[in-house]
Structure formats: structure tokens, C-alpha cells
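This is what each chain is made of:
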Amino acid sequence: MKRILAIAAALLASTPLFAQEPVKIGVIAPFSGPFADYGRQFEGGIKAYMKLNGSTVAGRKVEVIYRDTTGPNPEIAKRHAQELVTRDKVDFLAGFGLTPEALAVADVATEAKKPMIVMNAASSIVTTKSPYIARFSMTLQQVSAPMGTWAAKNGIKKVYTLVSDYAPGIDSETGFRNAFTAAGGTVVDSIRVPLRNPEFAPFIQRIKDAKPEAVFVFLPAGEQGVAFMKGVQERGLAQAGIKVIATGDITDDRVIDAMGDAALGMITTFHYSAAHDSPENQAFLKAFAEVAADKGRPNFMAIGGFDGMAGIYEVVRKLGNTIDGDQAMAVLKGLKLTSPRGPITIDAGTRDIVQTVYVRRVEKRGANYYNVEFDRFPDMRDPGKP
Amino acid sequence: MIANFLGVLFDGIAYGSLLFLISIGLSVTLGLMNFVNLAHGAFAMLGGYVCVTLMTRYGVPFLATLPVAFAVTALVGAVLERTLYRRLYKASPLDQVLFSIGLTFMAIAAATYVWGSSQQPVRLPEALRGQVELFGLHVGAYRLFLIAVVVLVTVALVLLVNRTRFGARVRAAVDNADVAAGVGINVNLVYSVMFALGTGLAGLGGALGIDVLGLDPTFPLKYMVYFLLVVAVGGAGTIRGPLVAALILGFFDVAGKYYVPQVGAFIIYTLMVLLLIAFPAGLYGRRA
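Residues numbered from 1 in each chain as written. Chains lettered and ligands numbered in written order. Predicted model: local features only at pLDDT ≥ 70, side-chain atom pairs only at ≥ 80, totals over all residues.

Engineer: I'd like a description of the overall build of chain A, backed by residues and values.
Structural biologist: If you tally the helices and strands in chain A, you get twelve helices and 15 strands. The globule rule puts the C-alpha radius of gyration for 386 residues at 21 Å, and the 22 Å found for chain A is close to it. Its C-alpha atoms put chain A at 90 × 40 × 35 Å along the principal axes. The buried share of chain A, taken over its 386 residues, is 56%. Within chain A, contacts between residues at least 6 apart in sequence are counted, and of these 71% link residues at least 24 apart. (Helix = DSSP H or I, 4+ residues; strand = E, 2+ residues; numbered from the N terminus. Rg over C-alpha atoms; globule rule 2.2 N^0.38 Å. Buried ≥ 20, exposed ≤ 12 C-beta atoms within 10 Å, placed from the backbone. Contact = placed C-beta atoms within 7 Å.)

In C-alpha cells, the structure reads:
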């Protein structure tokens, strides 16, 4: 009996040695199809973090498993999540470029009690769908509301809004409108354009004829934003005294060079710019360029990936060998980090991100175009949450 | 009010011109050759990438890239016609659709591999940017340029098909390949040249379109609806049909968006449905 106890004791004492199993992180995101850039940016951000902070944490090796959803496919995202939990036995679910992916996986996270680290998916409701979700990216209202406040404060009283007709566009419109009217501004008219719309000229002409002081725009990054800005330049809105203000999606670091001079001087609000001036961002840019040379300039999605990893490392450091879902969430709630974008906090109540939102202007530096920050709204919460 | 309407009219014609330019290649392959070539957008995309690559990497001026875009895609089209397409001339339309859509997906993957998934920048020459004054109306310079190109392309194509010996051979070969071969027309060659012309025009349209439509690897799928719309409404097999269709659709799209922006973007589809009910074979369809 004594011998058995002794052996048992010896075994127990030695478990830490046996338990140096890798930390497994399942990243679910689009890596192919029209949204492939999202997944690639996550991957670049994750690799940049591991390059700067080592690929082991608390003595455990970090293993990242990537799963491709090919686009906004809830079923595929859910299947990947189930497989990652049951077969690969991951400790964390992470990624989620698009809101439908995150919504589909929320139930899996709740059932398996796995912390779910959202690196992009920016609709307000995402974090309410499971107590195991923590968001490290942004929400659309969080970045569009400061634009409303800023515009009203800077002498803009009459604004026309133009947004893409889908949930993120409507979220942005709501966030902007509420903040702008609260600060004394008037929205003269609103247009919602369909997601597939190659021709902006008539919309822009209509706005020009309405003679507002500014037009607030939300369009997804890509050809829509490029087409819109080219139309604005062609129609001479600036000469007509109409400013273009927007959320940073339209002047995303990935597409801004494709807009070229058409974007110059444009004012946007957003939480990250590759031109952000801080030692953390310098280190991030350098690491990103080394691990993801073929991926070009990092944008806000790479930052989401980077900070999501920072959150995961923090949890593993605190909990060590066993990652319990509830304990992990306790670590994440109220977590404060110094990110390449500036200080961020995971709100203890909503598990949503609280961060500085910057007001930026598009400027040319050498041959490239950047969003240069010149004003800020510190500690912005998601206005969509009570 | 009148000035507004004239502005809308001009924008509509310009947008219609763009629709015509990106679809005319398909009108040649689908309309004249009866081949359902859904890979049309892939050829247009290739033209776009040729244009962008020449401009950004080799500093070739925009206008000079256009003939190259035409030539390169025509050449690629000719090679593919010789190696792949010609096996499917006699196949059912479903086989042609499956084959060409497969080719489209391969083209998307290849473009992502070579050029990456991001938007490509295109910088037009100074003369084509901004607005110019035309009879007291401020109009976009590039739009004016597009209209001019459409006039040129249309005149050239009409002359080629209706007035030249080659055009006569094409019409003969399309109407009855066996008889045409019997009277000594080299049908294979005619088909190859015609297909190359169609893909070349697709490439030209792609290169001209990038400033408005943007360019990334999903281009062929994103704009497929528009190519098909113009050709279906216009009626395959003529040059005039797609031209008239593109102008009508372009004008109503622009006018709808300007005057009733809440529903404006759907007018183009409503119009398509109505026109197809009224003219099932297209406005100028040759076959009932």
C-alpha cells in the first residue's frame, strides 16, 4: 500500500514534466476566395507576434492550426470548430474574419467551454453570443461614432451619408448618425448602395447637387472604395466644398495605394494605421515584414491577429498547463495590453475591446500613401452595447 | 433641371459604353460562334493585369498598354482555342458552361498566385482625369474617352463583319460550317481568328474598365452578370444589339440611381426582365 502511494506521489510530482504538451490554437478564417486576404493578414500578425515573443509560453510550445472557411460560410466555420475541439483538442478557438463565421462558432465555444478569440468580425452583437468570446479587433460603431463627434466639433453641420447596404454599413451609419446628431449636426439625406455596385457617378452627382458640407461614407475595403474615391475626384467634390469623411475601412492600408491621389487629404476615424508612431508599432512592422514579406503592408486584421495572440499568451502564462475555459475568461476580462495600435483593454463586463480611436488624414510619404493620425478619442467603448 | 438631365444622359451613355466594352468580346464568342464562354471575364481580367503590370512595372503609358492588352489576350485566346476550346464546339451548352467556368476558377487561382489578392492600382494620364467642359456641360474626361473608344470599336467591327471578305467567311462559317468548308473556306482558321478577336476585345475591355471597376482576382465572377446581361438583352450575334442594350441599361441604371437612389440599383435588373419578356431572343436576336 505504502509503495503504491509512493509511486502515485512520485507520478503526481512528476506530472509537470509529462504535461509540457503544446498549446494548441485553432485559427478559423477565410484563406481562399474573395476574402483570402483576411486569413493571410491574421497569419502574418500571428507569426509576427511569435517572432517577437517566442514560440513557447510558460514552457509550452505554441502550435497554431489554420482552417479555411473560404468566405462567409457559417456551416464550414462551425464544422472546423467542432473538429478542432474534438479531434485536434485545441485550447483556443481564434480568427473569425467575418461576422457569420463568429456567430456560427459561438455555440461550439459555449458547449466546449473554449475561449474564443475574435480577431476581426466587427458586428456589435458578436460578443453577446457566448460568454467565452473575447474580441481583440473593433466594432463598427466604435470607429464610426467618433467621426460624428469630430465632424460636429470641427464646424461640419450638414452631412449626407452613403453606406453599403449590409449589416456593417448600417452599423456604421447608426453609430455616425447618433453621435453626430447628439453633437448638434444634421444628416440631410442617406443613401444605402448595394454591395455590388460598379457605378457611383449618379450617387456622387446627387450628393454634389444636395450641397452638404461633408459626406460620410462606409464602404468595404476594395474596389468599391477605390471606385467611389475616383468618382469623387472626377466630380470635383473638394472644389465644390464638400469634404469626404469616413471610417478607416475605405482607406485601408492594403488598398490605399490603389486609390492614389484620389484619397489625398481624406479624413477617417479608425483604430489602427500602419503609420502609427510608437516603438511597439515599429517592432511589429519589422517583424511582419520578416515573417510575411509576400503579404505587403499589414492592416487592422494583422493587428487583430497580433493582439489576439498576445491575449492567448497572457492566459497561458497565468494558467500554465491546463486551460480551463472559465479561468481563461477571468484572465481575459479586464486585460490591459500595449498593442502596436496603442493601449487596449478587454472590457470586464462585455468582453469587447476598449481602445483609442484615431482621427487620421491621408498623406503621401515617398511613393506610398498613409493614414497619418492627428487627433484621438481615448478609451472608446462599443456604443452598440448598453 | 435640364442641365441635370443632360448630365445624367451623358453619364448613362458613358456607363453604357463601359458595359458594351466589357461585353462585346462575349458577344463575338457567344453570339457569332455560339460558344457559351463564361471564361470571358477571365480574359478581361488578363487584359487588365497586362495593362497594370506594364504601367507599374515598366512605366509604359496607359494608352500604349491598350493595344498590348488586346494583343496578349488575343494570343492567349488563340492558343487556348487551338488546344482546348475547339474540342467543345460541337458539345452541348452545358458542357461548354462547365468547361469555361472551370477555366474561370483556374484563372482566379492563377491570378491570386501571380499578382496577389489585393486591388491593383491604375493611374490614368493627367489628360484623362477630372472633368472637361463640353457644350457648357462638365463631363468626366475618362467617360468621354470611353465613348470615343466605343465609337471606334463599333465602326471597326461592323466594317470587319459586314464589309470584308473575312466577315463574309465568318458569317458563312457560323451559319453552316459544313457548307462553308465545302466551298473552300478554312473554317478552322476562321474560328481561331474570330475567337482570338473575341478574347482580344475582352482584354481591351478589361484594361479600359479597371479605372472604374477595379481589378483583383475575383473580377471574372464579380462582373459576369453584367457581361451576360448585355449580351442576353442585346441578342447574340450582332454588334448593334449589345450596343443598344448596353446604352439602354447604362442610361436607366444611372438615371435610377440619381433620381430614386433607394431603388435605383435594382432598375437595371427589372429592365432586363422586362426586355427579355418583350424580346425573348434579345433586341436584335437573329434566332427566335
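Right, picking up where we left off after that structure.
Engineer: Explain the overall build of chain B to me, using residue names and the numbers behind them.
Structural biologist: Counting secondary structure elements, chain B contains twelve helices and two strands. Secondary structure elements of chain B occur, N-terminal to C-terminal, as α-α-α-α-β-β-α-α-α-α-α-α-α-α. Its C-alpha atoms give chain B a radius of gyration of 19 Å, within 12% of the compact-globule value 19 Å for 288 residues. Principal axes of the C-alpha set define a box for chain B whose edges measure 60 × 45 × 35 Å. Every one of the 288 residues in chain B was classed for burial, and the buried ones make up 49%. Here the analysis covers contacts within chain B between residues at least 6 apart in sequence; of these, 76% occur between residues at least 24 apart.

Engineer: How would you sum up the nonpolar core? Please name residues and give values.
Structural biologist: Grouped burial of nonpolar side chains is what soluble globular proteins tend to show. Leu-93, Val-105, Val-118, Val-215 and Val-217 of chain A together with Val-230 of chain B are the most contacted members of the largest nonpolar core, which has 210 residues in total. Three or more residues apiece are contributed to this core by two domains, here domain 1 (2-138 + 278-351) and domain 2 (141-270 + 357-380) of chain A. With sequence-adjacent residues up to four places away left out, Val-105 of chain A is seen in contact with Ile-28, Ala-77, Lys-78, Ala-81, Leu-93, Phe-96 and Met-116 of chain A. (Core = buried A, V, L, I, M, F, W, Y, C linked by C-beta atoms within 7 Å. Domains from an automatic or database assignment.)

Engineer: Break down the domain arrangement of chain A for me, citing the residues and quoting the values.
Structural biologist: Residue and element names in this part refer to chain A. Assigned domains within chain A: domain 1 (2-138 + 278-351) and domain 2 (141-270 + 357-380). Using C-alpha coordinates to define each centre, domain 1 is positioned 32 Å away from domain 2. Contact with domain 1, which involves ten residues of that partner, is made by nine residues of domain 2. Residues belonging to the side of domain 1 that touches domain 2 are distributed by class as follows: three nonpolar, five polar and two charged. (Nonpolar A, V, L, I, M, F, W, Y, C, P; charged D, E, K, R; others polar.)

Engineer: So what's going on with the packing of helix H7 (residues 201-210) of chain A against helix H1 (residues 2-32) of chain B? Which residues, and what values?
Structural biologist: As a packed pair, H7 of chain A and H1 of chain B sit with axes 11 Å apart at the nearest point and diverge in direction by 160 degrees. As judged from the angle between their axes, H7 of chain A and H1 of chain B are roughly antiparallel. The hand of the H7 of chain A/H1 of chain B crossing is right-handed. Facing Ala-201, Pro-202, Gln-205 and Asp-209 of chain A of H7 of chain A, the residues of H1 of chain B in contact are Asn-4, Gly-7, Val-8 and Asp-11 of chain B. Looking at the contact of H7 of chain A with H1 of chain B residue by residue, the class counts come to three nonpolar, three polar and two charged. (Axes fitted to C-alpha atoms, helices over the stretch in contact; angles between N-to-C directions. Parallel < 35°, antiparallel > 145°, perpendicular 65-115°, else oblique. Left-handed = near helix turned anticlockwise from the far one by under 90°.)

Engineer: Describe the pairing of strand S12 (residues 336-339) of chain A, and please don't skip the residues or the numbers.
Structural biologist: Looking down a regular strand, the side chains alternate between one sheet face and the other. Residue and element names in this part refer to chain A. The pairing of S12 with strand S13 (residues 342-346) spans four bridges and is antiparallel. Directly across from Lys-336, in S13, lies its bridge partner Thr-345. Here S12 hands over to S13 after two residues, the two strands then running antiparallel side by side. (Pairing = 2+ DSSP bridges.)

Engineer: Explain the interface of chain A and chain B to me, using residue names and the numbers behind them.
Structural biologist: One widely used convention gives an interface's size as the accessible area the parts lose upon coming together. In this assembly, 28 residues from chain A lie in contact with 27 residues from chain B. Breaking the side of chain A that touches chain B down by element, the ones donating at least two residues are helix H2 (36-53), strand S8 (186-193), H7, helix H8 (223-235) and helix H9 (256-259) of chain A. Ranked by residue count, the leading element in the side of chain A that touches chain B is H7 of chain A, at six residues.

Engineer: Outline the packing of H1 of chain B against helix H2 (residues 40-58) of chain B, supporting the account with residue identities and numerical values.
Structural biologist: Residue and element names in this part refer to chain B. Closest axis-to-axis distance for the H1/H2 pair is 10 Å, and the angle between their directions is 135 degrees. Here H1 is positioned oblique relative to H2, judged by the angle of their axes. As for the relative orientation of H1 and H2, their crossing is right-handed in sense. Across the interface between the two elements, Ile-22, Gly-25, Leu-26 and Thr-29 from H1 touch His-40, Phe-43 and Ala-44 from H2. Class assignment of the residues belonging to the contact of H1 with H2 gives a composition of four nonpolar, three polar and no charged.

Engineer: With reference to specific residues and values, describe the environment of Gly-200 of chain B.
Structural biologist: All names here are of chain B. Within the element layout of this structure, Gly-200 appears in helix H8 (residues 187-213). Here Gly-200 falls in the buried class, since 25 other C-beta atoms lie within 10 Å of it. Contacts of Gly-200, omitting those with residues within four sequence positions, involve Phe-70, Ala-71, Thr-73, Ala-74 and Gly-77.

Engineer: Give me the lowdown on the sheet that holds strand S6 (residues 133-135) of chain A, citing residues and values where you can.
Structural biologist: Residue and element names in this part refer to chain A. The strand order S2-S3-S1-S4-S5-S6 describes an open sheet built from six strands, whose pairing is mixed. Lying at the two open borders of the sheet, with one neighbouring strand each, are strand S2 (56-57) and S6. Where strand S1 (residues 23-29) and strand S4 (residues 92-95) come together, four bridges link them in parallel fashion. For Val-27, the partnering residue across the bridge sits in S4 and is Ala-94. Its contacts with the sheet place helix H4 (residues 99-112) against S1, S4, strand S5 (116-118) and S6, and it is angled at close to 165 degrees to S5.

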